[in-house]
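# Coordinate analysis (summary)
Below, each chain spelled out in residue letters.
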Amino acid sequence: MLLVAVPPLSSWVQYLIEGFPVGCVFGLVAIGLVLTYKTSGVFNLAFGAQAFLSAAVMYSLDARGWPLWLCFVVSVVIVAPLFGLLLDRALFRYMRNASWVVKLVTSLGLFVALPEIVKALITGQRAKFNAPSLARLFGIQALAGDDGVFKIGSYVVNADLATIVVATVVVVVALFVLFRYTALGLRMRAIVESFRMVELAGVDSERVSMAAWMLSSFLAGLAGVLLAPLISVDSAGFTLLLVSAVAAAAFGRLVSIPVALAGGLILGIGQRAIIGFSYFWNWPQSLQTGVRPALPFLALFLCLIFLPAVRGRREVTDPLSGVDPPPPAMAHEYKDADTARMTKRIFPVFIALFVVVVCFLLSDLWVFRLTDALTLAVAFLSITVFTGLGGQVSLGQAAFAGIGGYTVANLATENHWPVLLALLAGIALAAVIGALLAVPALRLGGIFLTLATLAFGLMADNIVFSAKSVAGGAPGIDIARPSFLDGNSLFGRDQMWFLFVFACFGLVGYLVIFVRNGTTGRFFASLRGSETAAAAIGINGTRQRITLFALSAGIAGLGGGLIALQAGHVDALTFPALFGVAWIVLVVSLGARTVDGALNAALGFVIFQWLLGDYFKMDASIALIGFGFGAITYARHPEGIVEFRTRESLLARRKAALMKARIEQMFSDRPMPDGFLPTRAVTAPVFLGFVALLVVVIANRIVGGSDSVAPWVIALCLGPSLLYAVGWSLVTNARLTRESGFRAGWAIMAGAAVVGAGLGWFLTNVTVGHTDFGDPQIAIVAPTWIGVVIGLVAGYAVAAFFVLPVQVSSIARARGWRTVPVSWMDGRTPTLWIVIGTFLCYWTTKGWDAPFLWPLYFLTFVAFTVLVQWIGAVQNGINELAVGEIDVAPGVPLADDGLPEELPALAGEKA
Amino acid sequence: MGDVTPVDANVPGALLDAVGVTKRFAGITALHAVDLTVAPGEIVGLIGPNGAGKTTFFNCLLGILRPEEGTVRFDGRDVTGLPVYKRARLGFGRTFQRMELFAGMSVRDHFIVADRAHRGEGSLWRDLCNRSQPTAAENERADAMLALLGLESDAQRPAESLSLGRGRLVELGRALMTEPKLLLLDEPSSGLDVTETGAFGDRLLEVQQERGFAILLVEHDVEMVQRLVSRLYVLDFGTLIASGPTAEVFADAAVRKAYLGSVD
Ligand SMILES: Nc1ncnc2c1ncn2[C@@H]1O[C@H](COP(=O)(O)OP(=O)(O)O)[C@@H](O)[C@H]1O
Ligand SMILES: [Mg+2]
């Protein structure tokens, strides 16, 4: 009888009146989504964050007492479009032809980073505030009755809602005029309707997409300030706005502007109506409170699953890119037989050493952190499967991890299951739910699937994970680790747990590799390459897709279970949906296709957060900014940074082998050409300095029983090496300048040295007020002369890092080579280490505790390795100049010994 | 209609028997009641100007598109409702007009994947036990196919790095690895030069004679059609306008008008 009764007509009208304005806001953002998607191919999930940006600017200016109209102009008319312009010019312009995954991940990076930037720079971490009402501004307040509301018959509309409607009507009319009557608008509409046609017709699509970015960012900004008075302004509120707008855009298949607007209105009214029904029908309290925040996600999910226009769009959906460019070959495929054998032999030793070091040398705190990273790495492997093998992007992995985590907590603690059994149950449950999710999502592809997983993740977080029966309400649920890991005479408790997690990671890592190399991985790769062709050879795409979902969800479930056990506690905030987004950004930018990509991402996440939180006393969420920007590098290396580096170093090895072969072939009976020096002989003296330091430190540890070494000892060990490096670079630059004639190199290096010295003087003399640490103090506590000397060397070094490679590459180019032996980009890494080193110096003066010395030595080791590599790269380049171009394009077939079948000819021979 | 032998539906013993296949796309009728049969081991041609509906017909045969009307019988059973992969397992093989290679995968892996998919031997469980490396028998079959098509030197190269001609051979090999009873070839010579087309035809004939499967060939290259095909269907605007022995059909005036664009 509950469902039969219908609310009276007056309630319906009330829903309509109250839902309509909210729908307008959804519609505005949805229009922006469609505009940018169609004109630049970017489905910009950051519009919610951009709305937040404008609302925050508006609020903070208002709080400073600026006149309201000025606040509005600055935040909506100036900041919002300018930000859109910035995004287009600085980022998305370079991704026009990239695959949809690249664009999506970049916008996800912004989605994650932007709210944190806004909080850090504008609003402060207290992210909620009450935004000023705009009703006064447009004179709408004045039109309202005495009690500040409008009355239409017996219905009441408050002024803020009325403002929204008025503003939306104005904007829609303006858009109509723009699209109908202006040249720019016509072009924009033409692009939205058919990009390819317009390209053919020679319209300058660059300018149009720039305009579209500005326009849609303006719409997002406007939506932000309009919505702000209605909701308490925090970034989560704007995530909801975004999700609703995405659902609205999905109504129009992401391509129709009017339908997107209509979709927004329907959603706004529908959401209000459902809330109304829930009161009217007197739904249970839990449902009433649960349904409200869940509505946008539910709407998005249902839209995606049931709208026929969206279903069945499995083919490439990015309107701009034709077909996804094939992923570059995996780095390990470039390995020659020797390297592969070596790796195989060294790997177990390395693992054993790692375990010994962790269990017997590191403090419990470090063991804990490493375990933290490993639990996360297991969860990240689910992304390796879903994205790396399956080629799809899921934003819902945190939800599957949550399913695993909460299952463990509930079964082990509340129902007293054995922990391992509970863990297995968690994996199974996550896998089953993953498989079930695969069924409605079967017909979805590309971006639509991603959006569905986002909706799924948010639903799980907001409806299920917040339920008291799942996460144990406010106190949460404590979980004990399995008792067989209690620790014994050899290994402590934390160490045993570390070993267990490490074993889990190793196991899953190997399984992922097996799957990748096995039938399933090959079938996934086929489906990724062409679903039609895969079906035409008899591959059952449906079954493979369910396998993909279940496998990945199961791994995420295990990861979540381990995360829960590691923390020893779960509550409603353990697996926020936002994690799912941050994770994908992280893993994809570091390398979604390999196990070490996942591991690196997890280590980076944990160490970064810990450094920021514990050492720099910053809010740990700042880390998200860094990761957000990490995603942007993804555009350049879609295979992930780790993969990219691995391949580079393998290519360098191959080049070295070729060089050796050529020298044996050409110069066995005549003297080596001018300028040639064996690279190892050149780099050895640099490394010697570090070896000396290592010996001293270890001896000091064994004999003196202390970790710290006097500064003069460090200087004595490292000084000569550094001097040698400086000397080498001076001599080398002199020799290279003779051929290249690039005399500006000297001036650049001298200038940088002077600037560095000046900076050194400044930092050792100037006092800075440091509010966190009390009184103002010297920035770096060290004698001025040391500051000047270090600054001099560092400044010179940074310049040299770039000048020397530029010398070599300009000589190569002048000779008409197709490749450059070494490029200026090789200077970036050592520069980064100089920056990190300076930063560390700065922070060491704030007094670090002893355990940190070991990481410090480790960082010194890494920095020296980088320096040695850089010198080696430059010397290799010079050697190549001496013996002739060696082109190691990937794809040149290799013989068994790692050499191509034919050696490239010498430059001299061709002439 | 040309004055050629009328098409007879429901030929007993036919390998493929399509009857009254009709496919409409929003407004246009891409195929209008098309009947077509292929006997086991026979090479049949399907020609027609661009946009006539040849590719659409292939898609209907294989189940990539669902025809509004008509039935497709294959090897004695009605396959009209079956999904693509099931039809493939029954013995359809297919190459694509716009090449559909698996980017990032080596040529050899293309063949191994096709072999596995056809035999249905791999399973997730075997993968997890790391027992999914290609077996000796699989390697042998893949090597034999590489040798047959002269692709040995490209075996390890990723498919997308191959030339168009080599790529078409890979598609052919991938289809052949599934041991099809009927091979659907969609304009295999498009994008190839004369020598490449000749070489492709040679290889195809060689394999076909060895294995004896049937072929339904869509092709613009008249020479290739005349060389390979014994019987021909002509499609124009979604309607069959002629069918019969190759020479007769080419002599048909209506065909010359529709297909060659001239009646000289
Ligand atoms: N997916 C589709 N949606 C709408 N029209 C289509 C689709 N596929 C093909 N067509 C139309 O059907 C007709 C036949 O196309 P097609 O089978 O590709 O011709 P052919 O292969 O003979 O050149 C063409 O007019 C084409 O535009
Ligand atoms: Mg065609």
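Predicted model only: the values in this text are computed from it and were never measured.

Attention shifts here to the overall build of chain A. Looking only at helices and strands, one finds 33 helices and 6 strands in chain A. Counting all 911 residues of chain A, 53% fall into the buried class. Partitioning the intrachain contacts of chain A with sequence separation of at least 6 by distance along the chain shows that 79% fall at a separation of at least 24.

In this model, His416(A) sits at a positive phi of 60°, which is unusual for a non-glycine residue. By the element assignment, His416(A) lies in the loop between α15 (397-414) and α16 (419-438). The exposure class of His416(A) is exposed, given its relative accessible area of 65%. A positive phi is found at Glu187(B), a non-glycine position, where the angle reads about 45°. With respect to the secondary-structure elements, Glu187(B) resides in the loop between β7 (182-186) and α7 (194-211). Accessibility expressed as a relative area gives 5% for Glu187(B), which makes it buried.

This part takes up the nonpolar core. Buried together is how nonpolar side chains tend to be arranged in soluble globular proteins. Judged by nonpolar contacts, the single largest core of 187 residues is most densely connected at Phe43(A), Leu45(A), Phe380(A), Ile447(A), Leu562(A) and Trp583(A). In this structure, Ala534(A), Leu36(B), Ile43(B) and Val84(B) belong to the second largest nonpolar core, which totals 86 residues.

Metal coordination angles have textbook ideals: 109.5 degrees for a tetrahedral set of four donors and 90 or 180 degrees for an octahedral set of six. Residue and element names in this part refer to chain B. Distances from the magnesium ion (ligand 2) to its protein donors, namely Thr55 (OG1) and Gln97 (OE1), fall within the range 2.0 to 2.1 Å. Note that Thr55 is positioned in helix α1 (residues 54-62) and Gln97 in the loop between β6 (92-94) and α3 (107-119), a separation of 42 residues in sequence. For Gln97, a relative accessible area of 30% corresponds to the partly exposed category.

Residues and elements named next belong to chain B. With respect to topology, 6 strands assemble into an open sheet ordered β6-β7-β8-β3-β9-β10, the strand pairing being mixed. Each edge of the open sheet is held by one strand with a lone partner, namely β6 and β10 (239-245). Recorded for the sheet is a direction-independent mean angle of 15° between the axes of neighbouring strands. Summarising the sheet, β7 and strand β8 (residues 214-218) pair through 5 bridges and their orientation is parallel. The residue bridging Leu184 from the neighbouring strand is Leu216, located in β8. Packing of α1 onto the sheet brings it into contact with β3 (43-47), β6, β7, β8 and β9 (231-236), and relative to β6 it is tilted by some 145°.

Next up on the list: the sheet that holds strand β4 (residues 69-74) of chain B. Residues and elements named next belong to chain B. Judged by pairing direction, the sheet is antiparallel, and its 4 strands sit side by side in the order β2-β1-β4-β5 without closing on themselves. Each of the sheet's edge strands pairs with one partner strand only, and the pair in question is β2 (28-38) and β5 (77-78). The sheet contacts of α1 involve β1 (16-25), β2 and β4, and relative to β1 the element is tilted by about 115°.

Residue and element names in this part refer to chain B. Within chain B, residue pLDDT values average 86, and 92% of them lie at 70 or more. Low confidence marks residues 1-9, where pLDDT is under 50. Its contacts with residues over four positions away, or in another chain, come to 21 contacts. On the interface metric, ipTM, the complex scores 0.92, and its pTM is 0.80.

Right, let's get into the environment of Ser132(B). On the secondary structure map, Ser132(B) appears in the loop between α4 (124-128) and α5 (136-149). When its relative accessible area of 5% is taken as the criterion, Ser132(B) is described as buried. Ser132(B) sits 117 residues away from Val249(B) along the chain, and the two C-alpha atoms are 50 Å apart. Apart from residues no more than four positions distant in its own chain, Ser132(B) is found in contact with Gly518(A), Thr519(A), Arg116(B), Ser123(B), Arg126(B) and Asp127(B). Looking at Ser132(B), its side chain comes within polar contact range of the side chain of Asp127(B), at 2.4 Å.

For the rest of this paragraph, the subject is the packing of aromatic side chains. Residues and elements named next belong to chain A. Within this structure, the stated rule accounts for 27 aromatic pairs over all chains. Ring centres 5.9 Å apart and planes at 40° place the aromatic pair Tyr510 and Phe514 in the tilted group. Of this pair, Tyr510 and Phe514 are both found in helix α19 (residues 493-517), 4 residues apart, which corresponds to roughly one turn of the helix. Assessed through its relative accessible area of 45%, Tyr510 is described here as partly exposed. On the accessibility criterion, Phe514 (19% relative accessible area) is buried. Of the aromatic side chains, those joined through ring pairs into one cluster are Phe687, Phe690, Phe861 and Phe864.

Our next topic: the interface of chain B and chain A. Across the contact, 33 residues belong to chain B and 27 residues belong to chain A. Buried area between chain B and chain A, both sides added, is near 2500 Å², and the carbon and sulfur share of it is 67%. Inspection of the region where chain B meets chain A yields 1 salt bridge. The salt bridge involving Asp109(B) is made with Arg522(A); its shortest N-O contact spans 2.9 Å. Secondary structure elements with two or more residues in the side of chain B that touches chain A: α2 (84-90), α3 and α4 of chain B. In terms of residues, the side of chain B that touches chain A owes the most to one element, α3(B), which gives 7 residues.

Once that is clear, we can look at the site of ligand 1. All names here are of chain B. Within the structure, ligand 1 sits among Phe25, Ile28, Ala30, Pro49, Asn50, Gly51, Ala52, Gly53, Lys54, Thr55 and Thr56. Between Gly51 and ligand 1, the recorded distance is 2.7 Å, taken from a backbone N or O atom to an oxygen atom. Here Ala52 contributes a backbone N or O atom positioned 3.2 Å from an oxygen atom of ligand 1. Protein chains bury 58% of the 560 Å² of accessible surface belonging to ligand 1 in isolation. Going through the elements one at a time, β2 and α1 are the ones with two or more residues in the shell around ligand 1. Take the shell around ligand 1: its biggest share by element is 3 residues, from α1. Residue classes in the shell around ligand 1 are distributed as 5 nonpolar, 5 polar and 1 charged.

This part covers the side chain of Arg87(B). All names here are of chain B. Within the secondary structure layout, Arg87 lies in helix α2. Although Arg87 lies buried, it forms no salt bridge, and the closest oppositely charged side chain, Asp78, sits 7.5 Å away as judged by the N-O distance. Polar side-chain contacts of Arg87 include one of 2.7 Å to the backbone oxygen of Leu61. Filtering out sequence-adjacent residues up to four positions away, Arg87 remains in contact with Cys60, Leu61, Leu62, Gly63, Arg66, Val79, Thr80, Gly81, Leu82 and Phe92.

With that settled, the discussion passes to the pattern of salt bridges. All names here are of chain B. Applying the stated rule across the entire model yields 20 salt bridges over all chains. A salt bridge links Arg157 to Asp154, with the shortest nitrogen-to-oxygen separation between them at 3.7 Å. Among the residues examined, Arg157 registers a relative accessible area of 30% and is labelled partly exposed. For Asp154, a relative accessible area of 8% gives the class buried. Because the salt bridges share partners, they merge into one network encompassing Asp115, Arg119, Arg141 and Glu179.

Turning next to a nonpolar patch on the surface. Residues and elements named next belong to chain A. Among the surface-exposed residues, Val349, Leu353, Val356, Val357, Phe360, Leu361 and Leu490 lie close enough to one another that they form a single nonpolar patch of about 670 Å² accessible area. Take Val356: it is sitting in helix α13 (residues 337-361). The exposure class of Val356 is partly exposed, given its relative accessible area of 41%.

Reading the values: rules and limits
- Residues numbered from 1 in each chain as written.
- Chains lettered and ligands numbered in written order.
- Predicted model: local features only at pLDDT ≥ 70, side-chain atom pairs only at ≥ 80, totals over all residues.
- Heavy atoms only, no water.
- Helix = DSSP H or I, 4+ residues; strand = E, 2+ residues; numbered from the N terminus.
- Buried < 20%, exposed > 50% of the residue type's maximum accessible area, 1.4 Å probe, protein only.
- Contact = heavy atoms within 4.5 Å.
- Core = buried A, V, L, I, M, F, W, Y, C linked by side-chain atoms within 4.5 Å.
- Donors = N, O, S within 2.8 Å, 3.2 Å for Na, K, Ca; no water.
- Pairing = 2+ DSSP bridges.
- Axes fitted to C-alpha atoms, helices over the stretch in contact; angles between N-to-C directions.
- pLDDT = per-residue confidence, 0-100.
- Polar contact = N/O pair within 3.5 Å; in protein donor to acceptor, adjacent residues only side chain to side chain.
- Phe/Tyr/Trp six-rings, centres within 6.5 Å; stacked < 30°, edge-to-face > 60°.
- Buried area = accessible area lost by both parts, 1.4 Å probe.
- Salt bridge = Lys/Arg side-chain N within 4 Å of Asp/Glu carboxyl O.
- Near = heavy atom within 4 Å.
- Areas by Shrake-Rupley, 256 points an atom, 1.4 Å probe, with all protein chains shown as cover.
- Nonpolar A, V, L, I, M, F, W, Y, C, P; charged D, E, K, R; others polar.
- Lys, Arg positive; Asp, Glu negative; His and termini not counted.
- Patch = residues over 30% accessible without salt bridge, like charges linked within 9 Å, V, L, I, M, F, W, Y side chains within 5 Å.

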